[in-house]
Amino acid sequence: MAASEDTVAPSRLDFDAVVVGGGPSGLVAARELATAGARVALIEENSELGGQYYKRRRGQVLAQYGDYRPDGTSLIAQVRHAGVEVFTNRLVWGTSTDRSLLTTSTTSPDAVRFSARAIVVAAGATEHVVPFPGWQLPGVMTPGHAMHLATTDAVRVGNRVLLAGSGPFLLPVACALLASGTEVAAVVEAGRPLRPSLRAAGSLRHPGMLADLARYLTILAKHRVPIIQGARVHEALAQGNGHLGAVAITHGQVTRTFEVDTLATAFGFRPATELLQLLEVDCTVDATLGVPLPVTDAHGATSVPGVYAVGESRGIAGNKAARVRGWLAAAAIRDRLGLPTPSAQQMRAHLRRSARLDAFATLSSELYAHDRRALLQMPDHTMVCRCESVTAGEIRAAARLGWNDRNSVKGATRAGMGLCQGRECAATVSGLVSACTGEPVGCQPARMPVKPIPVSAAMALEEEIA
Amino acid sequence: MTTTDIVVIGGGILGASTAYQLARAGHRVTVLERGAPNREGSGTTAGNLHIQGIHTRRPGQAVAADNLRFLPLQRTASTLWSQLPDELDADLELTRNGGFMVAETPEQVQELHQKFDLETQLGLTCEIVSGDEARRRMPALSETVIAAEWCAEDGYANPLLVTPAYLGAARRYGAQVEAFSPVTGIEHDGGAYVVRSGHREWSAGVVIDTAGPWIADVAALAGIRLDMSPVAIQMHITTRMPLGTLTCLVQHIGAGMSVKQVGAGNILIGGGWPAEAFRAHGRSRVATDSISGNLHQAAAVLPLLRDLRLLRTWAGPLAATPDEMPVIGEVPSSPGFFVAGGTYAFTLAPLWGLVLRDLVEGNSPLEPVADLGVDRLVLDAVAHQR
């Protein structure tokens, strides 16, 4: 990757379309737009394109272990070949009232504003973590992080790992950990997705997905990794040295303890919608996740003309859906920009495929359904906001005062006001407040900067004006 | 219909302080707040305690505030703030470690001296020091500072804690706090006001309008037309730094700037820079130009800010009056209907609570406020004068 991608001389750039996020959906959207003749900028916060799904191996790891997910490599090559102007190591941290995007280099603070006739938000997702006592111990991580270590970095996450939480992602992570030579003690799944049911029969309509599932289950069976369904982590316990030593799970009325040095846990993913919120698109609240979800049409068009949500930012549906969504948004934008559009037949095929993948996502979330309220019954001493050290009990006490709502609980307790800006705890705070007040689940609104930036980067905005 | 003595409309710091003083004095008080308390100007403000004379022109401000009139009020408020944590039995993160107001040009130094003379006349103890002496006391100050005024009584408190503490104390004295209760109607029914929120009604002899930027909207429900000019301003906060990174509040005589390190360690940077247009519903947007403007201004005086990380920005409303002076008193045409608001309400809140108590009880207030009355903002009277 050329170093020049990190440094941009002009402080105001204008394109036909700007795509924010270089994961599967952003890559496809950028490629489709550029191929049709649009001037496209693709902005990626990390040093490499690919996003979480198509993470790149580098250097010695690449040389020794080979390419990871080669279809990502070819997609990235297509994007570059199509003439997309790629800006890596660049964070979109805010928006102006003229709807330009405020960015800074993540390596040397600067300020570059991007304006465009179409903005495609492909910001991906965050893992949905629900706190429990001991979740802040060293040795506790998310499945996504464990996956990254095992695949992209090819390092062993720990000696013995417990995977817990919920969702189809736990299974490929377990397989990747086994492949990296790590022992997997068990997969603890809160739902009961593998129980035969009428709903499960619905998955017969998605043979490709079933084949993936069968492959994962075969690998886990071969390594004798038990899948414990309808169970959840109750507490993570420290060893004498302060590191994780054991994990207690609740399975019905029974408590079981696993001696492990690593726990990878999350309950699937939450859409990253901060930028969409700052662009003031209409959102609904996903009451299950406690996050705002953009209201879009089938192409990802939001309520703000020219602003599109694609990939996981539009709602969790996985990598395949992300690619189709990127394609569909590009098709609509090509029309908007007066560029050649795909054939009606192609359009119908992609819309059908998108609808089918969305249906699978819905089916999947139904299959993995579990009692989310039980997750929010963690003991009062549980640290919920790790940045500001706020416990579940303090959040409940503020909610029970009688005059606080979701947002004033944040003000009253500082929960969500720390370095991670609520990415870790905000959804849990929303759920806890709702459980105490009986009010509908709210959300912590996004504030600029989307992620902390150097003060000098914000100051650079003015140097540009001068 | 619930019968009470006093209905306070607005659960910000002024409403909370007033409810506390009146409930403590034995009155039956109900506070009606349209949303959650402390969520607007009172909770989004910087939380400064301005005891030395203020910088009278925040960026974009058309009319300068009158320092001479403010100073005696600030002095009395200073004493009241010192007692507040004990009085409310709450940790307010009250910090009284003094404050600098810096000057970077000879003209600003001159203005500093004029302000100092005024403060001395009024009996406030301040000190003007050279740039070198200021840097000796606070090494974080830049070389561009050529003089500074020091006031040992300046400080700050955590605005997220003060209003809830007032409300908690008011509740202990029997006040009712009705959150999520927007006032939808106010009528005068012979002897008393009837205040409605949806289908609920309260009857009270006295109504106190402390609705901040919505003062005029609430007064309009009672048929009183007031001239207010609410604006939205913005704040900027860095990630946490070790305590002691900044040792006191730093302001500027010639520019909108207030910088300090709050109890949690974050550096809070404000100064009344304008956000985008004030929104009566929902949060106003932070203005990009004010982010860079405020940060440039602050970093010129405190260069270490450049190396910190900006964590969050937010906008909040300011219940400004057209003449930039506080408003407090009874509406002449509507006996029993009181209004309190205006800028610097955070600093003045402990005082305004007591003054409103005195006015409601028909006593002479702790500080004379007749010149800050409502009549100057009553629209029909203003039109008549014109």
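Residues numbered from 1 in each chain as written. Chains lettered and ligands numbered in written order. Predicted model: local features only at pLDDT ≥ 70, side-chain atom pairs only at ≥ 80, totals over all residues. Heavy atoms only, no water.

Peer 1: Help me understand the overall build of chain A, please; the structure alone is not making it clear to me.
Peer 2: Scanning chain A from terminus to terminus reveals 15 helices and 22 strands. Since a compact globule built from 466 residues should have a radius of gyration of about 23 Å, the 22 Å found for chain A is in line with a globular shape. Each principal axis of the C-alpha atoms in chain A carries an extent, and together these give about 60 × 50 × 45 Å. Considering only contacts within chain A whose residues lie at least 6 apart along the sequence, 65% involve residues at least 24 apart. For chain A, the computed accessible surface area is about 18,800 Å², with 52% contributed by carbon and sulfur atoms. Computed over 46 positive and 40 negative side-chain charges, the inter-centroid distance for chain A is 7 Å. (Helix = DSSP H or I, 4+ residues; strand = E, 2+ residues; numbered from the N terminus. Rg over C-alpha atoms; globule rule 2.2 N^0.38 Å. Contact = heavy atoms within 4.5 Å. Areas by Shrake-Rupley, 256 points an atom, 1.4 Å probe, with all protein chains shown as cover. Lys, Arg positive; Asp, Glu negative; His and termini not counted. Charge placed at Lys NZ, Arg CZ, Asp CG, Glu CD.)

Peer 1: What is the right way to look at unusual backbone geometry in this model?
Peer 2: Here the residue pair Met448 of chain A and Pro449 of chain A is connected by a cis peptide bond, since its omega of -10° sits within 30 degrees of zero. Among the structural elements, Pro449 of chain A can be located in the loop between α14 (426-437) and β22 (453-454). Despite not being glycine, Gln421 of chain A has its phi angle at roughly 60°, a positive value. Among the secondary structure elements, Gln421 of chain A is positioned in the loop between α13 (406-413) and α14. A residue is classified by how much of its surface remains accessible, and Gln421 of chain A, at 14% relative accessible area, is buried. Despite not being glycine, Glu324 of chain B shows a phi value in the positive range, around 65°. (Buried < 20%, exposed > 50% of the residue type's maximum accessible area, 1.4 Å probe, protein only.)

Peer 1: Hey, could you run me through the nonpolar core in this one?
Peer 2: Of all hydrophobic cores here, the largest spans 67 residues; its most connected members are Leu163 and Leu177 of chain A. No other element matches helix α9 (residues 319-336) of chain A, which puts nine residues into this core. For this core, the two domains that each supply at least three residues are domain 1 (12-126 + 270-365) and domain 2 (129-267) of chain A. With 51 residues, the next largest nonpolar core counts Phe70, Leu88, Ala170 and Ala175 of chain B among its residues. (Core = buried A, V, L, I, M, F, W, Y, C linked by side-chain atoms within 4.5 Å. Domains from an automatic or database assignment.)

Peer 1: Which parts of the structure should I look at to understand the interface of chain A and chain B?
Peer 2: How large an interface is tends to be reported as the accessible area lost when its parts come together. Of the residues lining the interface, 39 residues belong to chain A; the matching set on chain B comes to 38 residues. Around 3,300 Å² of area is buried between chain A and chain B when both sides are counted, 56% of it from carbon and sulfur atoms. Run the count over chain A and chain B and you get three salt bridges. The residue Glu280 of chain A makes a salt bridge to Arg285 of chain B at a minimum N-O spacing of 3.6 Å. The interface formed by chain A and chain B includes 14 residue pairs in polar contact (both at pLDDT 80 or more). Residue assignment for the side of chain A that touches chain B shows that the elements contributing at least two residues are β4 (90-95), α13, β22 and α15 (455-465) of chain A. Looking at the side of chain A that touches chain B, the element that brings in the most residues is α15 of chain A, giving eight residues. Here the residues of the side of chain A that touches chain B are counted per class, giving 18 nonpolar, 12 polar and nine charged. Taken together, the two bridges between β22 of chain A and strand β18 (residues 309-318) of chain B define a ladder with antiparallel strand orientation. When the sheet's bridge partners are listed, Pro454 of chain A is paired in β18 of chain B with Arg309 of chain B. (Buried area = accessible area lost by both parts, 1.4 Å probe. Salt bridge = Lys/Arg side-chain N within 4 Å of Asp/Glu carboxyl O. Polar contact = N/O pair within 3.5 Å; in protein donor to acceptor, adjacent residues only side chain to side chain. Nonpolar A, V, L, I, M, F, W, Y, C, P; charged D, E, K, R; others polar. Pairing = 2+ DSSP bridges.)

Peer 1: Could you clarify how one ought to interpret the UniProt feature "domain: FAD dependent oxidoreductase" (unreviewed entry) in chain B in this entry?
Peer 2: UniProt marks residues 5-358 of chain B with the feature "domain: FAD dependent oxidoreductase" (unreviewed entry), using the numbering shown here. Summarising residues 5-358 of chain B: 31% helix, 26% strand, and an end-to-end C-alpha distance of 15 Å. (UniProt positions renumbered as here; feature names shortened; annotations may be inferred.)

Peer 1: Looking at this structure, how should I read the UniProt feature "domain: BFD-like [2Fe-2S]-binding" (unreviewed entry) in chain A?
Peer 2: Following the UniProt record, the feature "domain: BFD-like [2Fe-2S]-binding" (unreviewed entry) maps to residues 383-432 of chain A here. For residues 383-432 of chain A, helix accounts for 46% and strand for 10%, while the C-alpha atoms at its two ends are 13 Å apart.

Peer 1: Whenever I open this one, the side chain of Thr104 of chain A confuses me. Can you help?
Peer 2: Residues and elements named next belong to chain A. For Thr104, the position within the fold is in strand β5 (residues 101-105). What makes Thr104 buried here is its relative accessible area of 2%. A distance of 2.6 Å separates a polar side-chain atom of Thr104 from the backbone oxygen of Asp110. Excluding anything up to four places from it in sequence, Thr104 contacts Asn89, Arg90, Leu91, Trp93, Pro109, Asp110, Ile453 and Ala457.

Peer 1: It is not clear to me how the sheet that holds strand β13 (residues 206-209) of chain B should be interpreted in this structure. Could you clarify?
Peer 2: Sheet strands pair via backbone hydrogen bonds, and the direction of the pair is either parallel or antiparallel. All names here are of chain B. Ordered by their spatial adjacency, six strands build an open sheet running β9-β3-β2-β13-β20-β19, and the pairing between neighbours is mixed. Unpaired on one side and paired on the other, β9 (176-178) and β19 (327-330) mark the two borders of the sheet. Going across the sheet, the axis of each strand differs from the next one's by a mean of 15°, ignoring polarity. Examined bridge by bridge, strand β2 (residues 6-9) and β13 share four bridges and lie parallel to one another. The partner of Ile6 across the bridge, within β13, is Val206. Of the strands in this sheet, β2, β3 (29-32), β13 and β20 (337-341) touch helix α1 (residues 13-24), which is tilted by about 170° from β3. (Axes fitted to C-alpha atoms, helices over the stretch in contact; angles between N-to-C directions.)

Peer 1: Just checking my understanding: could you explain the pattern of salt bridges for this structure?
Peer 2: A side chain with one charge may pair with a side chain of the opposite charge, provided their charged atoms come close. Residues and elements named next belong to chain B. Under the criterion given, the structure shown has 37 salt bridges over all chains. Taking the shortest distance from any N to any O, the salt bridge between Glu119 and Lys115 comes out at 2.8 Å. Linking Glu119 with Lys115, this pair stays in helix α4 (residues 106-121), spanning four residues, or about one helical turn. No difference in accessibility class separates Glu119 from Lys115, as the two residues are buried. Bridged by salt links that share partners, the residues Glu127, Glu133, Arg136 and Arg137 form one connected network.

Peer 1: Can you help me understand the sheet that holds strand β12 (residues 231-238) of chain A in this one?
Peer 2: Residues and elements named next belong to chain A. Pairing in this open sheet of three strands is antiparallel, and the strands run β12-β13-β14 from one edge to the other. On the outer flanks of this sheet lie β12 and β14 (254-259), each paired with one strand and no other. Direction aside, neighbouring strands of the sheet carry axes that sit 25° apart on average. With seven bridges joining them, β12 and strand β13 (residues 244-251) adopt antiparallel strand pairing. For Val233, the partnering residue across the bridge sits in β13 and is Ile249.

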